[in-house]
Amino acid sequence: MWVSAILAAGGRGARMGAQVPKQLLELGGRTILQRSFDTLEQMDAIAEVIVALPGDLAANPPAFLTSSRKEVRIVDGGDRRQDSVANAFNKVTTARADRVLIHDAARPFATPNLFHRVIESSRQHNAVTAGLRPTDTVKQVHGRQPGAEIPLVSRTLPRESLYLIQTPQIFLTRHLGDAIALARGSADATDEATDEATLLERAGFPVAVVDGEPTNIKITTEQDMRVAEALIGQAGPVPPPLSLLPRIGIGYDLHRLEPGRRFILGGIEIKHQTGLIGHSDADVLCHALTDAILGAAAMGDIGRHFPDTDPAWKDADSIQLLRHAVRLVRDAGFVVVNLDAVIIAELPKLAPHVDTIRHHLADKIGVDVRAISLKGKTNEKVGELGRNEAVAVHAVALLAVAPERSFA
Ligand code: MG
């Protein structure tokens, strides 16, 4: 599923009475907007984020939006919420997006778990919103008694049939497009929908509700800000956003040994009576390191990027795969801090080759040789590895946010 996310932050927060737009108010060291964005940014299920901002902010957006490792587009919000969302929808990669998720920037406490549940639920339902069952008794009021300030209750609503609706909400891209077009065609331009599920309902699409989160509050008033500060206080010290923390990845690979093949390890050919077999050059070390690097960035694995069904990688030089993985994570904003690997091979003896391989790898992937560690191990003649039938490698990679990103 390819999901495009719209972060609705077009409002000016007139109800807040603050000098700055409410989405730029700080909560525990990050603005409300950044908190909402950081959660979207860390969701692998979300391929791109379109952020609708007030015009002045869209013209001069905060650095965390422009330096994100996700695909981010910024649009000028409109007068009404649905205008903001319509502007953002125009920037959705509709040719690729099966679904569009919409979230209010003013709900900075929606957890990744909630996003995950809403997205997963959209596999069964074309339109899904988060919502909470009210725990309070809900009453409808009508006019006032003559001369009185406060309203009168007309009836008590059945609580079991009510939900208080939150975001995130997710829709099939074409349904949302239809609903937006229908709303745009509506004669009443003052008619403001307070969420997108309403537009879908008006267009006749059924909308499902999954349980939201009580802490997923919408920060609209000064009072909400106090509640938000209290929520953060309870959560204890604020951890640095995921995007600033180092990342570790693990890789493993095994290739069988056979006579008549070349024995290539870390791009270096080692003279030996048997060699490693596989679709590519079977460089078991490069493969494990590639997986460790991709794994640290949560960017999939070697099979996803270099499928062995693809003739382009047949007999490929695996150093090129490793270099490509380093480029991919670099494009995502990471640098390789260090690599460590254990190579399990009964024969050949690896010790004489370890430093040659380390220097070769360092040179090929642009990492200091002191950051690359390789250890040869035998398997004490136990099992397939011990019988010299295969070579296996365990590898770890540590990545850090590239320095030019961490000050964004
Ligand atoms: Mg392999």
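Residues numbered from 1 in each chain as written. Predicted model: local features only at pLDDT ≥ 70, side-chain atom pairs only at ≥ 80, totals over all residues. Heavy atoms only, no water.

Each helix and strand in the protein chain was counted, giving 14 helices and 18 strands. For 408 residues, the compact-globule estimate of 2.2 N^0.38 gives 22 Å, and the C-alpha radius of gyration of the protein chain, at 27 Å, exceeds that figure by more than 25%. Overall, the C-alpha framework of the protein chain stretches about 100 × 40 × 40 Å when taken along its three principal axes. By residue count, 48% of the 408 residues in the protein chain fall in the buried class. The contacts in the protein chain between residues at least 6 apart in sequence include a share of 72% that link residues at least 24 apart. Carbon and sulfur atoms make up 52% of the accessible area of the protein chain, which amounts to about 20,100 Å² in all. (Helix = DSSP H or I, 4+ residues; strand = E, 2+ residues; numbered from the N terminus. Rg over C-alpha atoms; globule rule 2.2 N^0.38 Å. Buried < 20%, exposed > 50% of the residue type's maximum accessible area, 1.4 Å probe, protein only. Contact = heavy atoms within 4.5 Å. Areas by Shrake-Rupley, 256 points an atom, 1.4 Å probe, with all protein chains shown as cover.)

There is a patch of nonpolar side chains on the surface, built from Ile248, Ile250 and Val396 and spanning about 310 Å² of accessible area. Relative to the elements of secondary structure, Ile248 occurs in strand β12 (residues 247-259). (Patch = residues over 30% accessible without salt bridge, like charges linked within 9 Å, V, L, I, M, F, W, Y side chains within 5 Å. Salt bridge = Lys/Arg side-chain N within 4 Å of Asp/Glu carboxyl O.)

Take the confidence of the model for the protein chain next. Residues with a pLDDT of 70 or more make up 93% of the protein chain, whose mean pLDDT is 90. Within the protein chain, strand β7 (residues 127-132) carries the highest mean pLDDT (98), whereas helix α14 (residues 403-406) carries the lowest (56). (pLDDT = per-residue confidence, 0-100.)

Next up on the list: the packing of aromatic side chains. If you walk through the whole model with that rule in mind, you get one aromatic pair. Centre to centre, the rings of Phe37 and Phe64 are 5.8 Å apart; their planes meet at 45°, and the pair counts as tilted. Of this pair, Phe37 sits in helix α1 (residues 32-41) while Phe64 sits in helix α3 (residues 63-66), and the two are 27 residues apart along the sequence. (Phe/Tyr/Trp six-rings, centres within 6.5 Å; stacked < 30°, edge-to-face > 60°.)

Between its first and last C-alpha atoms helix α11 (residues 318-331) spans 20 Å; for 14 residues at 1.5 Å apiece the expected length is 20 Å, and the two agree. For α11, every residue scored as buried is listed here: Ser318, Ile319, Leu321, Leu322, Ala325, Val326 and Val329. Angular distribution of buried residues about the axis of α11 spans 160°; they occupy a single face of the element. A distance of 3.1 Å separates the backbone nitrogen of Ile319 from a side-chain oxygen at the start of α11, and that oxygen is part of Asp317. Where α11 ends, the next residue or the one after it, Gly333, has phi of about 100°, a positive value. (Expected span 1.5 Å × (residues − 1). Arc of directions from axis to C-beta. Polar contact = N/O pair within 3.5 Å; in protein donor to acceptor, adjacent residues only side chain to side chain.)

Pairing is mixed across the open sheet formed by seven strands, whose spatial order is β5-β4-β1-β6-β10-β7-β11. Each of the sheet's edge strands pairs with one partner strand only, and the pair in question is β5 (71-76) and β11 (208-211). Strand-to-strand twist in this sheet, taken as the mean axis angle between neighbours without regard to direction, amounts to 25°. Bridge count for strand β1 (residues 3-8) against strand β4 (residues 46-53) is six bridges, and the pairing is parallel. Note that in β4 the partner of Ala5 across the bridge is Val49. Packed on one face of the sheet, α1 meets β1, β4, β5 and β6 (99-104) and runs near 160° to β4. Lying over the sheet, helix α6 (residues 173-185) contacts β6 and β10 (164-172), oriented at roughly 110° with respect to β10. (Pairing = 2+ DSSP bridges. Axes fitted to C-alpha atoms, helices over the stretch in contact; angles between N-to-C directions.)

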